[in-house]
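Secondary and tertiary structure notes
Each chain, written out:
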Amino acid sequence: MVYYLIGAPHKSNEQSAWLEMEKHVLTSGISRQAKGRILQAEIGKFKLGNLDHLMFINDSLLKQESVVESLLKKIERQYLDVTEKASYDFTIELKEGPQSIENFLMSFKWNDQTFPRASALTELVKAIQSRATHVETDLRQKSTSYQELKNQSQQVAKKEGNLLVKDLVDVLKEPIVKPRDFIYSDYLTTLVAIVPKTQIQEWLACYEFLCENVVPQSARQFQIDDKDNLTIWRVVIVKQSFDKDHDLEVVDKDDEDKAKKQKQSPVDEFIQKARDKLRITVKEFGYKSQESKEREKLRLDLKSKSDHMNTTLKQACEKAFSDLYITYMHLKVLRLVVDIAMRFGAAEPSIQCILKPDQGKEKKVQQSLLKLYADPSQVGLYGTKEELEDTEDFFPFVYVPINIP
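Model, not experiment: these values are computed from the prediction.

Parameters and conventions
Residues numbered from 1 in each chain as written. Predicted model: local features only at pLDDT ≥ 70, side-chain atom pairs only at ≥ 80, totals over all residues. Heavy atoms only, no water. 1 Å grid on protein atoms, 1.4 Å probe; cavity = no way out; pocket = protein on both sides within 12 Å on 5 of 7 lines; lining within 4 Å. Points joined across faces, edges and corners; volume = space filled by probe spheres on them. Nonpolar A, V, L, I, M, F, W, Y, C, P; charged D, E, K, R; others polar. Salt bridge = Lys/Arg side-chain N within 4 Å of Asp/Glu carboxyl O. Phe/Tyr/Trp six-rings, centres within 6.5 Å; stacked < 30°, edge-to-face > 60°. Helix = DSSP H or I, 4+ residues; strand = E, 2+ residues; numbered from the N terminus. Buried < 20%, exposed > 50% of the residue type's maximum accessible area, 1.4 Å probe, protein only. Axes fitted to C-alpha atoms, helices over the stretch in contact; angles between N-to-C directions. Parallel < 35°, antiparallel > 145°, perpendicular 65-115°, else oblique. Left-handed = near helix turned anticlockwise from the far one by under 90°. Contact = heavy atoms within 4.5 Å.

Here we come to empty space enclosed by the protein. Enumeration according to the criterion identifies one cavity of 30 Å³ or more in this entry. Counted as a void, the largest cavity has a volume near 40 Å³. Lining the largest cavity, in full, are V169, L172, K173, F285, Y287, K288, S289, E291 and S292. Class assignment of the residues belonging to the lining of the largest cavity gives a composition of four nonpolar, two polar and three charged.

Next comes the structure, spelled out in structure tokens:
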């Protein structure tokens with residue numbers, strides 16, 4: 001949806017100029033559902049200055065407009081991400097109550113309390129920039145807090161999948177296991193093996209011989225269902241070698257020049273041989289009886305905080321969009337006023353209005369406005385920047401489009 005702010009000189013009075021525009025644009029059949037109204041910009045209330053100053057202000061407004069439009073789109077993306085919606089129609093919060101964007105635009109009144117027209121134009125530009133910066137800073141802080149909570153939640157979230165990918169803390173918990181199932185001391189440790197059901201017999205026949213440090217008959221299966229027909233076992237290992245000279249030496253083959261030798265522990269030896277000889281995954285696992293409960297408590301706490309922050313960020317986006325859109329409209333109207341003063345002079349009688357063309361009829365509305373205001377012999381000189389292959393739109397009237405939403 002697009003709206004046009006239009007400014008053009010007239011030779012009679014504002015109401016007659018508006019009726020002429022209605023006749024050519026709104027009621028001519030070119031755009032049957034188009035809307036529009038006179039915009040009470042009251043150019044005389046602005047401190048406009050000379051042409052050089054107006055050109056400087058116009059450049060500043062164009063730069064700020066790009067910043068504000070980008071920020072509005074960013075707020076919208078943030079809101080849709082938080083709410084997981086495909087689209088959303090924001091409302092504008094005013095003292096009179098919430099309004100749709102269309103109603104706000106079609107009933108716009110300049111707010112002299114926030115943007116006093118008696119101030120210098122540079123002060124108005126600073127006020128617009130300040131409000132945009134405040135909105136961006138506040139939203140960024142809330143967004144960062146929300147993302148940090150999401151990241152923390154993801155770090156402790158239960159991993160979906162089979163026993164190979166799940167966090168063992170979420171799998172090996174009471175009443176499935178008991179503390180006595182796991183042995184940890186200065187000399188003993190417990191490893192966990194993920195064994196396919198089709199390899200159980202092979203596992204039982206071979207695990208004691210993978211490493212001389214395996215405690216005989218220490219393998220024990222935990223009764224856990226797995227969608228991929230995997231089973232989970234514990235096995236107890238003596239952490240230190242019985243023969244110091246028996247420690248395996250692994251040479252880094254990728255760096256033979258250094259010939260760096262590393263001693264392999266019995267735990268690493270068992271894990272490696274189970275993988276290489278049996279294709280079975282063995283993991284180190286330190287069982288703590290309260291860890292699962294503590295993690296679940298942490299998940300619930302983070303979920304509660306995340307849900308609260310989600311609501312806070314959603315409301316912040318709604319407020320930020322509303323506040324910034326009000327600022328955006330003041331910026332657009334100020335651009336209209338400055339452009340009129342540059343093009344036609346502040347003392348020249350002019351009409352300022354807002355139009356809403358039918359979707360798909362924007363081009364026809366522009367052509368209708370050209371016929372109304374352009375010298376017939378110069379129509380070809382005018383058009384949008386895309387049509388003219390230029391950096392700016394050029395029309396015989398002031399044309400300020402509003403493309404958001």
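Anyway, onward from the coordinates.
Let us look at the pattern of salt bridges. Inspection of every chain in the model, using the stated rule, returns 20 salt bridges. Shared partners join several salt bridges into a network, and the residues in it are E42, K45, D112 and R117.

Here we come to the packing of aromatic side chains. Enumeration according to the criterion identifies 21 aromatic pairs in this entry. Judged by centre distance (5.1 Å) and plane angle (85°), the ring pair of F46 and W110 falls under edge-to-face. Taken as a pair, F46 in the loop between β2 (35-38) and α2 (51-83) and W110 in the loop between α3 (101-106) and α4 (121-156) lie far apart in primary sequence, 64 residues in all. One exposure class covers both F46 and W110, and it is buried. Aromatic pair F182 and Y287: ring centres 4.7 Å apart, planes at 10°, arrangement stacked. Taken together, the residues span a long stretch of sequence, with F182 in the loop between α5 (168-171) and β5 (188-196) and Y287 in the loop between β10 (281-284) and α8 (291-344) at a distance of 105 residues. Since its relative accessible area comes to 7%, F182 is described here as buried. On the basis of relative accessibility, which here comes to 11%, the residue Y287 falls in the buried class.

This brings us to the packing of helix α1 (residues 14-26) against helix α9 (residues 362-373). At a closest axis distance of 9 Å, the pairing of α1 and α9 adopts a crossing angle of 140°. On the basis of their axis angle, the class for α1 and α9 is oblique. Note that α1 runs across α9; the crossing there is right-handed. Touching E20, M21, H24 and V25 of α1 are V365, S368, L369, L372 and Y373, all from α9.

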